[in-house]
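Listed here are the chains, written in short residue letters.
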Amino acid sequence: QDLICLGMSQWVQVFSDAALSSGMTEVVVGQRSVLLSRQTDGSVAAVDGRCGHRGGPLALGDIEDGVVLCPWHDRRFCSRTGREIIARGCGPAMQRVHHVEVAQPRH
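Residue numbers restart at each chain and count upward from 1, following the sequence in its written direction. Residues qualify for local features only when their pLDDT is at least 70, as the model is predicted, and side-chain atom pairs are given and counted only at 80 or more; totals for whole chains, interfaces and linings, by contrast, use all residues. With hydrogens and water set aside, each side-chain value is computed from the structure's full complement of heavy atoms.

Asker: Any chance you could explain the side chain of Thr25 here in plain terms?
Answerer: Strands are runs of DSSP state E lasting at least 2 residues, helices are runs of H or I lasting at least 4, and numbering of each runs from the N terminus. Inspection of the secondary structure puts Thr25 in strand β3 (residues 24–29). Setting aside residues no more than four positions away along its own chain, Thr25 makes contact with Phe15, Leu20, Val34, Leu35 and Leu36. By definition in these notes, contact holds between two residues if any of their heavy atoms fall within 4.5 Å.

Asker: How do you make sense of the pattern of salt bridges when you look at a structure like this?
Answerer: Side chains that differ in charge, positive against negative, can pair when their charged atoms come close. Salt bridges are defined as contacts in which a side-chain nitrogen from Lys or Arg sits within 4 Å of a carboxyl oxygen from Asp or Glu. As enumerated under the stated definition, the model contains five salt bridges in all. We note a salt bridge from Asp48 to Arg32, for which the minimum N-O separation is 2.8 Å. With Asp48 in strand β5 (residues 44–48) and Arg32 in strand β4 (residues 32–38), this pair connects stretches of sequence that are 16 residues apart. Buried, partly exposed and exposed residues are distinguished by accessible area as a fraction of the type maximum, computed with a 1.4 Å probe on protein chains only: under 20%, between the cut-offs, and over 50%, respectively. Judged by its relative accessible area of 13%, Asp48 is buried. Of the charged contacts in the structure, one is a salt bridge between Arg76 and Asp74, with a shortest N-O distance of 3.0 Å. Residue classification places Arg76 among the partly exposed positions, given a relative accessible area of 37%.

Asker: Even after reading the chapter, I still don't get the environment of Arg38, so can you show me in this structure?
Answerer: Residue placement: Arg38 occurs in strand β4. Once the C-alpha coordinates of Arg38 and Gly23 are considered, the two residues, 15 residues apart in sequence, prove to be 6.5 Å apart. Discounting chain neighbours no more than four positions away, the residues touching Arg38 are Asp17, Leu20, Ser21, Ser22, Gly23, Ser43 and Val44. In this structure the side chain of Arg38 is engaged in a polar contact, spanning 3.4 Å, whose partner is the backbone oxygen of Leu20. Whenever a nitrogen or oxygen atom comes within 3.5 Å of another N or O atom, the pair is scored as a polar contact, on the condition that within protein one atom can donate a hydrogen and the other can accept it, and that pairs from neighbouring residues in sequence are kept only if both atoms are in side chains.

Asker: Please clarify how the sheet that holds β4 should be interpreted in this entry.
Answerer: Pairing between the strands of a sheet comes from backbone hydrogen bonds, and it takes one of two forms, parallel or antiparallel. Pairing is antiparallel in the open sheet, where three strands are placed in the order β3-β4-β5. Among the strands making up the open sheet, the edge pair consists of β3 and β5. When the angles between neighbouring strand axes are averaged without regard to direction, this sheet yields 30°. We treat two strands as partners when DSSP finds at least two bridges between them. Note: β3 against β4, six bridges, orientation antiparallel. Within β4, the position partnered with Val29 by the bridge is Arg32. Lines fitted to the C-alpha atoms define the axes, with helices restricted to the stretch that makes contact. Angles between their N-to-C directions range from 0 to 180 degrees.

Asker: I'm lost on the sheet that holds strand β8 (residues 76–78) in this one. Help?
Answerer: Taken together, three strands build an open sheet; the order of strands is β6-β7-β8 and the sheet is antiparallel. The sheet is open, and its two edges are formed by β6 (62–64) and β8, each paired on a single side. Between one strand axis and the next, the sheet turns by 25° as a mean value, whatever way the strands run. As judged from the three bridges shared by β6 and strand β7 (residues 67–69), these two strands associate in the antiparallel manner. In the sheet register, Ile63 faces β7, and the bridge partner there is Val68.

So this is what it looks like as structure tokens:
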């Protein structure tokens, strides 16, 4: 079964590819919350799980057509690029994205 790996300071195996649904899944790597989402083309995207604006928990929000919605202040971010969809000029307009690779398990 293939695994989803995140490229942070080193590659980290974080989740089973088969278990990731069409919505979002939060994983914690070290002390960092990361939000995984399945894209319409089947690929996987990963962004920080806390909103850069006020730290809202994005896993409690929603995702639609690759757009992640922060449940606190209605900020919307592209799950692939981390860019805010409508920049409001207050706080960061980007979410950190993480490189994702789907790979065979390492034994």
